[in-house]
Amino acid sequence: MLWAMRQWQQDRTLPTEGSTLHCGFKAAGLIEVLPDFAIAMDAFLFGARRAIQIHLPTCSHVSRDEATLVALCGLAQSDHERPLMASLDVLMVPTASRVAGIRLKAFAVALGQAGLRLSPAPGEAGARLN
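Cut-off values and rules
- Residues numbered from 1 in each chain as written.
- Predicted model: local features only at pLDDT ≥ 70, side-chain atom pairs only at ≥ 80, totals over all residues.
- Heavy atoms only, no water.
- Helix = DSSP H or I, 4+ residues; strand = E, 2+ residues; numbered from the N terminus.
- Rg over C-alpha atoms; globule rule 2.2 N^0.38 Å.
- Buried < 20%, exposed > 50% of the residue type's maximum accessible area, 1.4 Å probe, protein only.
- Contact = heavy atoms within 4.5 Å.
- Areas by Shrake-Rupley, 256 points an atom, 1.4 Å probe, with all protein chains shown as cover.
- Lys, Arg positive; Asp, Glu negative; His and termini not counted.
- Charge placed at Lys NZ, Arg CZ, Asp CG, Glu CD.
- Axes fitted to C-alpha atoms, helices over the stretch in contact; angles between N-to-C directions.
- Parallel < 35°, antiparallel > 145°, perpendicular 65-115°, else oblique.
- Left-handed = near helix turned anticlockwise from the far one by under 90°.
- Nonpolar A, V, L, I, M, F, W, Y, C, P; charged D, E, K, R; others polar.
- Phe/Tyr/Trp six-rings, centres within 6.5 Å; stacked < 30°, edge-to-face > 60°.

A. Main features of the overall build of the chain. Helix and strand counts for the chain come out as 7 helices and 0 strands. When the helices and strands of the chain are read in sequence order from the N terminus, they spell out α-α-α-α-α-α-α. Over its C-alpha trace the chain gives a radius of gyration of 14 Å, about what one expects of a compact globule, namely 14 Å for 130 residues. Sorting the 130 residues of the chain into buried and exposed places 40% on the buried side. Counted over contacts in the chain with a minimum sequence separation of 6, partners at least 24 positions apart contribute 62%. By element, 59% of the accessible surface of the chain is carried by carbon and sulfur atoms, the whole surface being about 7300 Å². Once the 12 positive and 11 negative side-chain charges of the chain are each reduced to a mean point, those two points are 6 Å apart.

If you want it as structure tokens, here you go:
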């Protein structure tokens, strides 16, 4: 998720065949959800109440906004719809938050199905601690 956000920020264009982002999603077996990811990120870019800070791919630090977006993806993956949408509503204008929520959910579910879990599954010990 962090790599994808940073690569999307660096490219600043719709991911095309052969682009680094396209190749990365294809290698991960997630090419079908690249549009969902790109639309969610565009919604964040254009619908955020303030500019979001996403670092370059080589940066060793994680910004608060990057950490927030990864956490939101974890909420989407764990089927925590209400906290996800409440958080998006605070961060974004309402029309953009709905688009981002739907697309982020599709992306997060695909990550989970590919074995890339950003949060514990419901019922696991870690989920109860949160």
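B. Highlighting the packing of helix α5 (residues 81-91) against helix α6 (residues 94-113). Two elements in contact, α5 and α6, have axes separated by 9 Å at closest approach and are oriented at 140 degrees. As judged from the angle between their axes, α5 and α6 are oblique. Once α5 is placed against α6, the crossing between them reads as right-handed. Two secondary-structure elements touch here, α5 through Glu81, Leu84, Met85, Leu88 and Asp89 and α6 through Ser97, Arg98, Ala100, Gly101, Leu104 and Lys105. In terms of residue class, the contact of α5 with α6 is built from 5 nonpolar, 2 polar and 4 charged.

C. Seen up close, the packing of aromatic side chains. Under the criterion given, the structure shown has 3 aromatic pairs. Seen in terms of ring centroids, phenylalanine 25 and phenylalanine 37 are 5.4 Å apart; in terms of plane orientation they differ by 40 degrees. Their pairing is tilted. Taken together, the positions of phenylalanine 25 in helix α2 (residues 20-27) and phenylalanine 37 in helix α3 (residues 34-47) put the pair 12 residues apart, joining distant regions of the chain. Of the two residues examined, phenylalanine 25 and phenylalanine 37, each falls in the buried class. Members of the aromatic cluster, joined through ring pairs, are Phe25, Phe37 and Phe107.

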